[in-house]
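# Observations on chain architecture
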Amino acid sequence: MLTLYHHGSSVCAAKVRFALDEKKLAWEGSYLDILAGEQFSPEYLKINPRAMVPALVHDGRTILESTVICEYLEQVFPDNPVYPADPYDRAQARIWTKAVDEDLHPSCSAITYVASHRHAIRKNVKGFEDFLNAPSNESVETRKRKWQWIEKGFEAPDIADRVRLYDRYLHLMEDALAASPWLAGEQFSIADIALTPYVNRLDMLSMQGLWQGGRLPHVTEWFSKIRARPAFRPALLGWIPAALANDLACNGAKSWPEVQKIIFAS
């Protein structure tokens, strides 16, 4: 039995759902509303003391970290593989997954916060002390940095660099896709699965202008192929609450001019 603890807004959870569905594995979902703090319940903290999603429980044993979960699924369930068979292509795919974990994910979190989440937080949080004292798995320094995002938006000190880093990865994808139809060679793979939630997050934030309009034609074609895959909609869109999807789209559209200033004025 595979049980996935997850939430609709988590890009890491979306990655694992996408991998599960592409591998045609049956799984049960235990949905945690992380925006309401359900990840801090005593029951879930026994599963993941870091209070993060996703977490996979397989026959009573827990596997954490989304990339590790995907590797585990590939090893335990080799049918319908999502890792390339060719050693070189597999190495390239793992480089993409490593880059996502180390570089792109923090930038995705920052842009999502600044473009959308901060508006909801400003309505519901009285001030910094209220924000700092809310349940969290983050350090005080991280909370202080996020408070700057909330107060200053795109004027926060590190945001422009994070937007540029995100754009740099889109260009790296463009270069890779100019050489092959998928990110790690001739076949759809974990590299494409890993990047999909991050491009989809920009799409949900109404920031398609980062690749559309002839700017990154190979990324545009790639994302169209991704969206056409049967697993895409249930894994990437099916678990996102309608109100959250609307907030991301509306707030992201309002934020798009700020992103344009950073990218196109650079």
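Above: the structure in question.
Notes on the structure follow.

About the cut-offs
Every chain is numbered independently, its residues counted from 1 as its sequence is written. Selection of residues for local features in this predicted model requires a pLDDT of at least 70, selection of side-chain atom pairs for listing and counting requires 80 or more, and totals for whole chains, interfaces and linings are taken over all residues. Here the side-chain values reflect all heavy atoms present in the structure, with hydrogen atoms and water set aside. Segments assigned H or I by DSSP are reported as helices when at least four residues long, segments assigned E as strands when at least two residues long, and all are numbered from the N terminus. Radius of gyration here is computed from C-alpha atoms only, and the compact-globule reference equals 2.2 Å multiplied by the residue count raised to the power 0.38. Burial classification: accessible surface area is computed with a 1.4 Å probe over protein chains only, and a residue below 20% of its type maximum counts as buried, one above 50% as exposed, and the rest as partly exposed. Contact criterion: two residues are considered in contact whenever any of their non-hydrogen atoms come within 4.5 Å of each other. Only four residue types enter the tally: Lys and Arg on the positive side, Asp and Glu on the negative side, with His and both chain ends excluded. The atom standing in for a charge is NZ when the residue is Lys, CZ when it is Arg, CG when it is Asp and CD when it is Glu. For this analysis, a salt bridge means a side-chain nitrogen from Lys or Arg found within 4 Å of a carboxyl oxygen belonging to Asp or Glu. For Phe, Tyr and Trp, where Trp contributes only its six-membered ring, two rings pair if their centres lie within 6.5 Å, and the inter-plane angle classes them as stacked under 30 degrees, edge-to-face over 60, or tilted in between. Charges are assigned to positions over rings by a cutoff of 6 Å between ring centre and Lys NZ or Arg CZ, combined with an angular limit of 35 degrees from the ring normal. Here, expected helix span is obtained from the residue count minus one, scaled by 1.5 Å. Two axes enter the definition of the bend at a residue: one is fitted to the seven residues ending there, the other to the seven starting there, and the bend is the angle between them. When DSSP locates at least two bridges between a pair of strands, those strands are taken to pair. Note on geometry: axes are C-alpha line fits, over the in-contact stretch for helices, and angles between N-to-C directions span 0 to 180 degrees.

## As for the overall build of the protein chain
- Within the protein chain, the regular secondary structure consists of 11 helices and four strands.
- Radius of gyration (C-alpha) of the protein chain: 18 Å, near the 18 Å computed for a compact globule of 266 residues.
- Counting only C-alpha atoms and orienting by the principal axes, one finds that the protein chain spans roughly 50 × 50 × 30 Å.
- Looking at the protein chain as a whole, 50% of its 266 residues are labelled buried.
- Partitioning the intrachain contacts of the protein chain with sequence separation of at least 6 by distance along the chain shows that 70% fall at a separation of at least 24.
- In the protein chain, 30 positive and 33 negative side-chain charges are present, and the distance between their average locations comes to 4 Å.

## Things to note about the pattern of salt bridges
- In total, this model carries 13 salt bridges according to the counting rule given.
- Taking the shortest distance from any N to any O, the salt bridge between Glu71 and Arg94 comes out at 3.4 Å. Placement of Glu71 in helix α3 (residues 66-76) and of Arg94 in helix α4 (residues 87-124) is noted, with a sequence separation of 23 residues between them.

## Overview of the packing of aromatic side chains
- Within the structure shown, the criterion is met by 10 aromatic pairs.
- A ring pair is formed by Phe223 and Phe232, whose centres lie 6.2 Å apart and whose planes are at 85 degrees; its orientation type is edge-to-face.
- Residue classification places Phe232 among the buried positions, given a relative accessible area of 1%.
- A cation over a ring is seen here: Lys225 above Trp182, with NZ or CZ 4.1 Å from the ring centre.
- Across the ring face of Phe188, the terminal group of Arg229 is positioned such that the distance to the ring centre comes to 3.6 Å.

## Concerning helix α8 (residues 190-204)
- Across its 15 residues, α8 extends 22 Å between first and last C-alpha, which sits within 8% of the 21 Å expected from 1.5 Å per residue.
- When the local axis directions of α8 are compared, the greatest deviation, roughly 30 degrees, occurs at Thr196, which is followed within four positions by the proline Pro197.
- By the criterion of burial, α8 is predominantly enclosed, with 15 of the 15 residues buried.
- Within two residues after α8, Ser206 carries a phi angle of roughly 60 degrees, on the positive side.

## Quick look at the sheet that holds strand β2 (residues 28-31)
- In spatial order, the strands read β2-β1-β3-β4; together these four strands make up an open sheet with mixed pairing. The open sheet has two edge strands with one neighbour each: β2 and β4 (61-64). On average, each strand axis in the sheet is inclined to that of its neighbour by 25 degrees, with strand direction left out of account.
- Bridging between strand β3 (residues 55-58) and β4 involves four bridges; their strand directions are antiparallel. Counted as the bridge partner of Leu56 is Ile63 from β4.

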